[in-house]
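Examination of the molecular architecture
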Amino acid sequence: MRLGYAAGRVLAAHEHDSLHGERPAVLIGKDTRVSGYMLEAALQAGLTAAGVDVRLTGPMPTPGVAYLTRALRLQAGVVISASHNPYEDNGIKFFSATGSKLPDSVELAIEEAMESPIKTVGPKHIGRSKRVDDAAGRYIEFCKSTFPTDLDLRGLRIVVDCAHGAGYHIAPHVFHELGADVIAIGAEPDGLNINKECGATHPEALARAVRTHRADVGVALDGDGDRLIMVDDNGQIADGDRLIYTIARHRKETGELNGGVVGTLMTNLGTELALRRLGCEFARAKVGDRYVLELMQEKGWQLGGETSGHILCLDKHTTGDAIVSALQVLAALRRSHLALADYVKNCPAFPQVLINVRVGKGFKLNGQPEVHDAVRAVESELGESGRVVLRPSGTEPLIRVMVEGPDEPGVRKAAEHIADAVRLVAGS
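Described below are features of the structure shown in this document. Just so you know, these numbers come straight off a predicted model, no measurement behind them.

Quick look at the pattern of salt bridges
Using the criterion set out here, one finds 21 salt bridges in the structure. The residue Arg 23 makes a salt bridge to Asp 53 at a minimum N-O spacing of 2.8 Å. Here Asp 53 lies in strand 2 (residues 53-59) and Arg 23 lies in the loop between helix 1 (2-15) and strand 1 (25-30), a separation of 30 residues in the sequence. Between Arg 387 and Glu 404 there is a salt bridge, and its shortest N-O distance comes to 2.8 Å. Of this pair, Arg 387 sits in strand 16 (residues 387-392) while Glu 404 sits in strand 17 (residues 398-404); the two residues are 17 residues apart in sequence, bridging distant segments of the chain. Across the pair, exposure class does not vary: Arg 387 and Glu 404 are buried alike.

Next comes the structure, spelled out in structure tokens:
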């Protein structure tokens, strides 16, 4: 409630001059967690107490909230979701009026305002709340509009795993209305089963369903609908790297690729090499979709994403959208008359070994010659056929050691060598 009030006060002040006396309005969407009802009501109370009108969508994917905020010309959008996490967790994310993240200056102002006590505006100025009519239908039509008008999905059997999340009443309709024969799984949320052994974080459930139903392809969302993992007709999983490759290849072949492709430090080397063989420029950002977006904007590129399946197609949407990304992949398959397995066969996945080394609080990698010597030795042995990534965790006292190369036993040995050097200097 304090966050809602603080955001309302900041937004009301921020928009006062441009609204000609009208109250600012904020959209609130959520996923299917049982705690969403409680947090929605608290945010709603805080915002209206600050004199801000509220528009409610009910369960709505994160990218759907971003789209509707922009389409309805509102001042901000709020998503209540913990994305791919289990139901016990929850979180709150803000979007600006343009459907992108709030400017840092506005975020800082909201944080500062949270220190002030809640003081409700006068009775005449209290905000009002109402439901958005057909929020789901509006977003469904938007998703469909990102698919080429000269193509359809007739003749395709698609399994869609909604992770019992916010896309359960959205995704199946999108693919069905474009002509596909849809088998929906993970589409019966009960408030407690979101992401539970299903969805993009557990694609093995999708793989089983694709084989069982003899489907042509499978699509898996995460709980808030911004991550995508797909499965081919053999039940083989295609992660974010291979899906980005598919979209890039299609756009390269049709002349629609504007610039290059942004990945992260964890993007598989096989993907980078496959993209370069297509003549695509490739750049790596730090891990995290915000860093991918920043680098894309810096370079003026339109395509990027992460191995986890968070894919950005900025010519289609302002944020990562699992449904929109899946439609870009399906457009490539329809246009080429190829199955997903055939489309990605030239994008091999190099073995990656990741070892997490627990260290003491405040441990710094800088100034540790033993570690850097170990890294240099491994990099010298791998040459251009492998990579080493050494980085601290952003949330835990861990150093993440990742080694990648064509030979799995050799890669594992190299990763252990570097991890041992970290353990030695860290005393762990």
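The rest of the description comes next.
Re a nonpolar patch on the surface
Together, Val 34, Tyr 37 and Leu 192 make up an exposed nonpolar region whose accessible area comes to about 310 Å². Structurally, the position occupied by Leu 192 is in the loop between strand 7 (181-185) and helix 7 (204-213).

Concerning the side chain of Glu 404
Judged by relative accessible area, Glu 404 falls into the buried class, the value being 0%. Here the side chain of Glu 404 touches Gln 352 through a polar contact of 2.7 Å, side chain to side chain. Excluding anything up to four places from it in sequence, Glu 404 contacts Thr 267, Asn 268, Leu 269, Phe 350, Pro 351, Gln 352, Leu 382, Ser 385, Gly 386, Arg 387 and Val 411.

Here we look at the sheet that holds strand 15 (residues 352-358)
Taking strand neighbours across the sheet as the criterion, the 3 strands line up as 15-17-16 in an open arrangement whose pairing is antiparallel. Across the chains shown, the open sheet's two edge strands, defined by having one partner strand only, are strand 15 and strand 16. Put simply, the sheet's adjacent strands are angled 15 degrees from each other on average, direction ignored. Bridge count for strand 16 against strand 17 is 6 bridges, and the pairing is antiparallel.

Concerning helix 7
When we look at burial in helix 7, the residues that qualify are Ala 205, Leu 206, Ala 207, Ala 209 and Val 210. Taken together, the buried residues of helix 7 touch strand 6 (157-161), strand 7, strand 8 (217-221) and strand 9 (228-231). Where helix 7 ends, the next residue or the one after it, Arg 214, has phi of about 50 degrees, a positive value.

Looking at empty space enclosed by the protein
Under the defined criterion, the tally for this structure stands at 1 cavity of 30 Å³ or more. Taken as a whole, the largest cavity encloses approximately 40 Å³ of empty space. In terms of lining residues, the largest cavity is bounded by Asp 241, Ile 244, Val 261, Val 262, Gly 263, Thr 267, Thr 271, Leu 275, Phe 282 and Gly 305. At the level of secondary structure, the elements contributing two or more residues to the lining of the largest cavity comprise helix 8 (240-254), strand 11 (261-264) and helix 9 (269-277). Among the elements that take part in the lining of the largest cavity, strand 11 stands out by supplying 3 residues, more than any other.

Comments concerning the sheet that holds strand 3 (residues 76-80)
As summarised here, the arrangement of the 5 strands in space is 4-3-1-2-5, forming an open sheet in which the pairing is mixed. Here the strands that pair on one side only, and so sit at the sheet edges, are strand 4 (92-96) and strand 5 (129-131). With direction set aside, neighbouring strand axes in the sheet form an average angle of 25 degrees. Contacting strand 1, strand 2, strand 3 and strand 4, helix 3 (residues 62-71) crosses the sheet at an angle of about 165 degrees to strand 3.

A short note on the pairing of strand 1
In regular strands, side chains alternate between the two faces of the sheet. Along strand 1, 6 of the 6 residues are buried, which leaves the element largely enclosed by surrounding structure. Of the two faces of strand 1, the one lined by Ala 25, Leu 27 and Gly 29 and the one lined by Val 26, Ile 28 and Lys 30 are each fully buried. Pairing of strand 1 with strand 2, which is carried by 6 bridges, proceeds in the parallel orientation. Bridge pairing in strand 2 places Leu 27 opposite Arg 55. Handedness of the β-α-β unit built from strand 1, helix 2 (residues 35-49) and strand 2 comes out right-handed.

Observations concerning the state of the cysteines
In total, this model carries 0 disulfides according to the counting rule given. Free of any disulfide, Cys 143 has its nearest neighbouring cysteine sulfur in Cys 162, separated by 12 Å. For Cys 143, a relative accessible area of 0% corresponds to the buried category. Cys 162 supplies the cysteine sulfur nearest to Cys 198, a cysteine that is in no disulfide, at a spacing of 9.2 Å. Taking the relative accessible area as the measure of exposure, Cys 198 reaches 6% and is therefore buried.

A short note on the nonpolar core
By size, the foremost hydrophobic cluster in this structure holds 64 residues, and its most contacted members are Leu 153, Ile 158, Phe 175, Met 230, Leu 303, Ile 323 and Leu 330. Take this core: its biggest share by element is 10 residues, from helix 11 (residues 322-336). Core analysis: the next-biggest nonpolar cluster, separate from the first, contains 22 residues, Val 353, Val 359, Val 401 and Ala 414 among them.

A closer look at the packing of aromatic side chains
Using the criterion set out here, one finds 2 aromatic pairs in the structure. With 4.2 Å between their ring centres and 15 degrees between their planes, Tyr 67 and Phe 142 make a pair best called stacked. Residue Tyr 67 is found in helix 3, and its partner Phe 142 is found in helix 5 (residues 135-145); the two are separated by 75 residues along the sequence. Residue Phe 142 is classed as buried on the basis of its relative accessible area, which comes to 9%. Ring geometry for Tyr 139 versus Phe 142: centroids 6.3 Å apart, planes at 20 degrees, classification stacked. Residue Tyr 139 and its partner Phe 142 are located together in helix 5, separated by 3 residues, close to a single helical turn. Take Tyr 139: its relative accessible area is 0%, and that puts it in the buried class.

The rules behind these values
Residues numbered from 1 in each chain as written. Predicted model: local features only at pLDDT ≥ 70, side-chain atom pairs only at ≥ 80, totals over all residues. Heavy atoms only, no water. Salt bridge = Lys/Arg side-chain N within 4 Å of Asp/Glu carboxyl O. Helix = DSSP H or I, 4+ residues; strand = E, 2+ residues; numbered from the N terminus. Buried < 20%, exposed > 50% of the residue type's maximum accessible area, 1.4 Å probe, protein only. Patch = residues over 30% accessible without salt bridge, like charges linked within 9 Å, V, L, I, M, F, W, Y side chains within 5 Å. Areas by Shrake-Rupley, 256 points an atom, 1.4 Å probe, with all protein chains shown as cover. Polar contact = N/O pair within 3.5 Å; in protein donor to acceptor, adjacent residues only side chain to side chain. Contact = heavy atoms within 4.5 Å. Pairing = 2+ DSSP bridges. Axes fitted to C-alpha atoms, helices over the stretch in contact; angles between N-to-C directions. 1 Å grid on protein atoms, 1.4 Å probe; cavity = no way out; pocket = protein on both sides within 12 Å on 5 of 7 lines; lining within 4 Å. Points joined across faces, edges and corners; volume = space filled by probe spheres on them. Right-handed = clockwise from strand over helix to strand, strands pointing away. Disulfide = S-S within 2.5 Å. Core = buried A, V, L, I, M, F, W, Y, C linked by side-chain atoms within 4.5 Å. Phe/Tyr/Trp six-rings, centres within 6.5 Å; stacked < 30°, edge-to-face > 60°.

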